[in-house]
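Overview (structure and organization)
Here is what each chain is made of, one letter per residue.
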Amino acid sequence: MKPSRQAVAVAATALALALCGVPAHAGPMADPGTPYSAVTSVGVHNAYEKGTYEYLADALDSGAGLLELDVWTNGFDVASAVSDWRVAHENPLANVNNCANATTPAQLRSGPRDQDLAGCLSDLRVWHEANPGHRPVMIKIEMKDGFNAPAGLGPREFDALLDERLGSALLRPSDLTGGGYATLDEAVRTQGWPARSELAGRFIVELIPGTVEERNPADPLWTDVEYATHLRDLAAAGALTEAAAFPAVHRAEAGDPRQARYRDATIRPWFVIFDGDASAYAGGGIDTAWYRDRGYLLVMTDAHKVAPQMEGTNPGEEAARSRVDELSAAHASVVTADWHPLPEVLSRVVPRG
């Protein structure tokens, strides 16, 4: 008898976890046929740092549903004639990270580290090809100092780089609007996100404004506004297929944060991902069911800081699991922390509350 689609999806998920070095029994797994927006997964903050993982491939093998990269443009390096995307936490002038710019699986853990964003994306591609049907992985990119379009580091160049390195491995905005929907908001609220099984082998790139950008009074155009405007304009030109990422509304706020945040109402429907501190969302002043009911993705960061606070890196598996379950009940799509020593927690995918 031919196996059901659900049975095939379950088997594929178990195979993907095994290929990623994560035991198939790690944590209660949501049904693979469940929409991506109807589950809660766990992510790792700043997964590119060498103190977190020796190589980015180790982060990919962890089973985490989200990995974060910090990206700088070369706006601070006025002496340089080279435009590049640098991956580092605090150093805007150099690449400081665990990416190896691999071209083969053997190079994922043998090449020289401290690569630029292109090198990190190459690692993602090589790992992706070595692990067919892997779990969907959100790649959260914090643009530390924002885009730098005058230096050739704007949204178009960003899309081109992602397309070159990841290509068909990307879930694109046009994949959601392809059914004839005018905006991401219309697509998500009408048909929702694909099932996790449909997203096997895909990366979803989330963009947030960076800490330096948000504190820079001379920067009037933050990443979220710039990229959402880019999406709107591509859609108007019939070229949305060129877009490779999803902008997120950054920082928790009650109500619909797009209303007060973005004066230009035409870009508001291009935000369907929201990202902020878990402690703010769990504090009781924000109706997080609003996000769930509309099919929006809600990324809750710094899960360990929710009262009562717990140890930030290794609070113990039981405590971390309980916190994930608590925030899942509060309608989180992704819960993030620095829990890299806890792969069985990182691999959890549970039904969203």
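Please read all numbers here as calculations on a predicted model, not as lab measurements.

What counts, and where the lines are drawn
- Residues numbered from 1 in each chain as written.
- Predicted model: local features only at pLDDT ≥ 70, side-chain atom pairs only at ≥ 80, totals over all residues.
- Heavy atoms only, no water.
- Axes fitted to C-alpha atoms, helices over the stretch in contact; angles between N-to-C directions.
- Helix = DSSP H or I, 4+ residues; strand = E, 2+ residues; numbered from the N terminus.
- Parallel < 35°, antiparallel > 145°, perpendicular 65-115°, else oblique.
- Contact = heavy atoms within 4.5 Å.
- Nonpolar A, V, L, I, M, F, W, Y, C, P; charged D, E, K, R; others polar.
- Buried < 20%, exposed > 50% of the residue type's maximum accessible area, 1.4 Å probe, protein only.

Before going further, it helps to examine the packing of helix α4 (residues 155–166) against helix α8 (residues 223–236). Where α4 contacts α8, the two axes come as close as 10 Å, and the packing angle between them is 80°. By the angle between their directions, the pair α4 and α8 is classed as roughly perpendicular. When α4 is examined against α8, the residues Pro155, Arg156, Phe158 and Asp159 are found in contact with a partner set consisting of Glu226, Tyr227, His230 and Leu234. The residue makeup of the contact of α4 with α8, split by class, is 4 nonpolar, 1 polar and 3 charged.

What follows deals with unusual backbone geometry. The omega angle of the peptide bond from Ala307 to Pro308 is -5°, so this bond is cis rather than trans. Within the fold, Pro308 resides in the loop between β8 (297–301) and α12 (317–329). Positive phi values are uncommon outside glycine, yet Asp114 reaches one of about 65°. For Asp114, the location among the structural elements is in the loop between β3 (86–87) and α3 (117–130). With a relative accessible area of 33%, Asp114 lands in the partly exposed category. Although it is not a glycine, Arg251 sits at a positive phi angle of roughly 85°. You can see Arg251 is positioned in the loop between β6 (246–250) and α9 (257–261).

All quantities given are derived from atomic positions and should not be read as evidence of function.
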